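# A closer look at the structure
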Amino acid sequence: MIGSKNLNKRGRNADSFIFSPLHVGSQATHYVATQDMEDTVPSLTLATAMATSGAAASANMGSHTIRILTFSLSLLNVRLGYWLANPARLDAFGHWWNRWWSNFGTWYFANETAGRLDEKKLNVYLTDGGHIENLGIYELLRRRCKVIVAIDADADPSMTFESFVKLQIMARIDLGVRIELPWQDIQRKTLKVAEDLASNVAPSVESAGPHIAVGIIEYGEDERGILLYIKSSLTGDENDYIMDYKRRNPTFPHETTLDQFFSEEQFEVYRALGFHAVQHFFSGKDNFARPSAFQAGWIDELVAALALLNIPPAMREAFSARL
């Protein structure tokens, strides 16, 4: 929405748009019942929503938009976004003229090319959620969720947790929410393993993990939540073919997102790494990064959070034993 006067005051050029079983929309466009949106746009499916969420290449990319290139990228058809009926104007689709105009592609292509996208047109332009917040946590914080599980598979070779830091800023400014997450423990271990492998030295496995950091969400007014943050990382105790792939591909597990054609082996090593990280965490085999100081009862809150996630009792007991 780089043509929106309200959103551009904050330099974001975009808003967070959600699809849920109950509602569709954003703060800028307001929300409508999902059923009403499906009745208006019969072609809208779960697959469409998922594909739109991955529309990373576009002439208009929210805060990542390069205005001088918008025109050229549009003409080159680098425009993977999706035009959807504007929730704020859904009632207007009851008139045949508005339905016809909403499908007049030349008009909307011209708006893309000129960067005239806002929340007032019959249709709104949707692209990758990463163009405003890459983790999908922001909207869950808005709902004040008690337990949030997030997977960060960013291409982040220096392990600076850029997406999380950006989330912290947005959450504090917009929602008044503070998040304490000890991600530095994961950073230190992963960078040390990468350094050892680069020097042809077997990584020292003094302790298993951490792949996961457990954070505290402070909503205010004595209301708190738990954030389970799973980071794409290596700790040296992964299986043989994961470590072998790392030796042959030093950028793993942070290979560039420009590589859109993974081989069978690539898919498998990423899957295996994710399984290793999560299974070892919930079974209590791995250490995890935890806040340096936490209030009384925090461990009980964490165990209760695992129960809400339907973690099998045997795994919860093994995890609790490590606490």
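Below is a short write-up of the structure. Only a predicted model underlies this, so the values are computations on that prediction, with no experimental measurement involved.

On a plain count of helices and strands, the chain comes out with 13 helices and nine strands. Split by element, the accessible area of the chain, about 17000 Å² in all, is 56% carbon and sulfur.

All right, on to the packing of helix 10 (residues 240-248) against helix 11 (residues 264-282) then. For the pair helix 10 and helix 11, the least separation of the axes is 10 Å and the interaxial angle reads 125 degrees. With respect to their mutual orientation, helix 10 and helix 11 come out oblique. Relative to helix 11, helix 10 is oriented so that their crossing is left-handed. Residues Y241, I242, Y245 and R248 of helix 10 pack against E265, Q266, E268, V269, R271, A272 and L273 of helix 11.

Attention now goes to the nonpolar core. With 25 residues, the main nonpolar core has I137, L141, F164, L167, L227 and Y229 as its most contacted residues. Secondary-structure elements contributing two or more residues to this core are helix 7 (138-142), strand 6 (147-152), helix 8 (162-175), strand 8 (212-220) and strand 9 (223-231). Of all the elements, helix 8 adds the most residues to this core, at four residues. With 18 residues, the next largest nonpolar core counts V24, W83, L90 and L122 among its residues.

What follows covers the pairing of strand 8. Burial analysis of strand 8 places seven of its nine residues in the buried class, which makes it a mostly covered element. Taking the residues that link successive antiparallel strands as the turn, the strand 8-strand 9 hairpin has two residues, and the phi of E221 there is positive, at about 55 degrees.

Right, let's talk about the sheet that holds strand 3 (residues 30-33) for a bit. Read from one edge of the open sheet, three strands run 1-2-3, paired in antiparallel fashion. Two strands lie at the open edges of the sheet, namely strand 1 (18-19) and strand 3, each paired on one side alone. Taken together, the two bridges between strand 1 and strand 2 (residues 23-26) define a ladder with antiparallel strand orientation. Of the residues in strand 2, the one forming a bridge with I18 is G25.

Cut-offs and rules
- Residues numbered from 1 in each chain as written.
- Predicted model: local features only at pLDDT ≥ 70, side-chain atom pairs only at ≥ 80, totals over all residues.
- Heavy atoms only, no water.
- Helix = DSSP H or I, 4+ residues; strand = E, 2+ residues; numbered from the N terminus.
- Areas by Shrake-Rupley, 256 points an atom, 1.4 Å probe, with all protein chains shown as cover.
- Axes fitted to C-alpha atoms, helices over the stretch in contact; angles between N-to-C directions.
- Parallel < 35°, antiparallel > 145°, perpendicular 65-115°, else oblique.
- Left-handed = near helix turned anticlockwise from the far one by under 90°.
- Contact = heavy atoms within 4.5 Å.
- Core = buried A, V, L, I, M, F, W, Y, C linked by side-chain atoms within 4.5 Å.
- Buried < 20%, exposed > 50% of the residue type's maximum accessible area, 1.4 Å probe, protein only.
- Pairing = 2+ DSSP bridges.

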